[in-house]
Amino acid sequence: MTKIYQGSCLCEGIRYEIHGELGDIIQCHCQRCRKASGSAYATNAVIAAADFKLIQGQFLLKKYQSTPITQRFFCMECGSPIYSLKQDMPEIYRLRIGTLDTPITQKPTMHIFTAHKAEWDDIDDALPQYANRPE
């Protein structure tokens with residue numbers, strides 16, 4: 001049986017479902033993710049783009065080209081980041097885990113781009129840390 005996850009933005013104008021599994025949950029400390037999340041890091045899980053179903057609010061989903069190959073999708077009403085994708089890998093989305101409404105038991109597996117982490121943030125867990133993106 002396929003797992004179904006549900007999620008939404010802060011204003012609940014956008015609602016989505018994921019019909020499939022969540023990949024590893026990764027905490028990214030790069031400057032772009034920090035700015036996009038407004039926090040010390042963004043917490044993302046890789047999902048198959050084909051598993052993502054927008055249920056409500058298609059007209060609210062706006063994209064921003066943050067790098068030549070990266071697009072970030074967010075709610076234009078409340079600003080909640082929903083997912084990002086790299087144009088060279090359109091079959092994969094990086095879902096912002098904080099938008100999930102379905103409880104999950106999965107935990108983060110690593111920190112990436114720690115060489116770029118906020119100077120005011122301390123990483124206090126035992127998860128593996130990578131200065132950049134691991135190979």
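The coordinates are above.
Throughout what follows, the structure given in this document is the object of discussion. Treat the numbers as computed from the prediction; the structure is a model and nothing was measured. (Residues numbered from 1 in each chain as written. Predicted model: local features only at pLDDT ≥ 70, side-chain atom pairs only at ≥ 80, totals over all residues. Heavy atoms only, no water.)

Remarks on the overall build of the chain
Reasoning step 1: When you go through the chain residue by residue, the secondary structure sums to one helix and ten strands.
Reasoning step 2: With the C-alpha coordinates of the chain rotated into their principal frame, the extents come out at 40 × 35 × 30 Å.
Reasoning step 3: Taking the intrachain contacts of the chain between residues at least 6 apart in sequence as the baseline, contacts between residues at least 24 apart amount to 51%.
Reasoning step 4: Of the roughly 7800 Å² that the chain leaves accessible, carbon and sulfur atoms contribute 52%.
Reasoning step 5: Looking at the chain, you have 15 positive and 15 negative side-chain charges, and the mean spots of the two groups are 6 Å apart. (Helix = DSSP H or I, 4+ residues; strand = E, 2+ residues; numbered from the N terminus. Contact = heavy atoms within 4.5 Å. Areas by Shrake-Rupley, 256 points an atom, 1.4 Å probe, with all protein chains shown as cover. Lys, Arg positive; Asp, Glu negative; His and termini not counted. Charge placed at Lys NZ, Arg CZ, Asp CG, Glu CD.)

Side note on the sheet that holds strand β7 (residues 70-75)
Reasoning step 1: Read from one edge of the open sheet, seven strands run β6-β7-β8-β9-β4-β3-β10, paired in mixed fashion. With one partner strand each, in any of the chains shown, β6 (61-65) and β10 (108-112) form the two edges of the open sheet. When the angles between neighbouring strand axes are averaged without regard to direction, this sheet yields 30°.
Reasoning step 2: When strand β8 (residues 81-86) meets strand β9 (residues 92-96), the two strands line up antiparallel, connected through two bridges. When the sheet's bridge partners are listed, Y83 is paired in β9 with L95. (Pairing = 2+ DSSP bridges. Axes fitted to C-alpha atoms, helices over the stretch in contact; angles between N-to-C directions.)

Quick look at the pattern of salt bridges
Reasoning step 1: According to the stated counting rule, one finds one salt bridge in the structure shown.
Reasoning step 2: The salt bridge partner of E12 is R15, with a shortest N-O separation of 3.1 Å. (Salt bridge = Lys/Arg side-chain N within 4 Å of Asp/Glu carboxyl O.)

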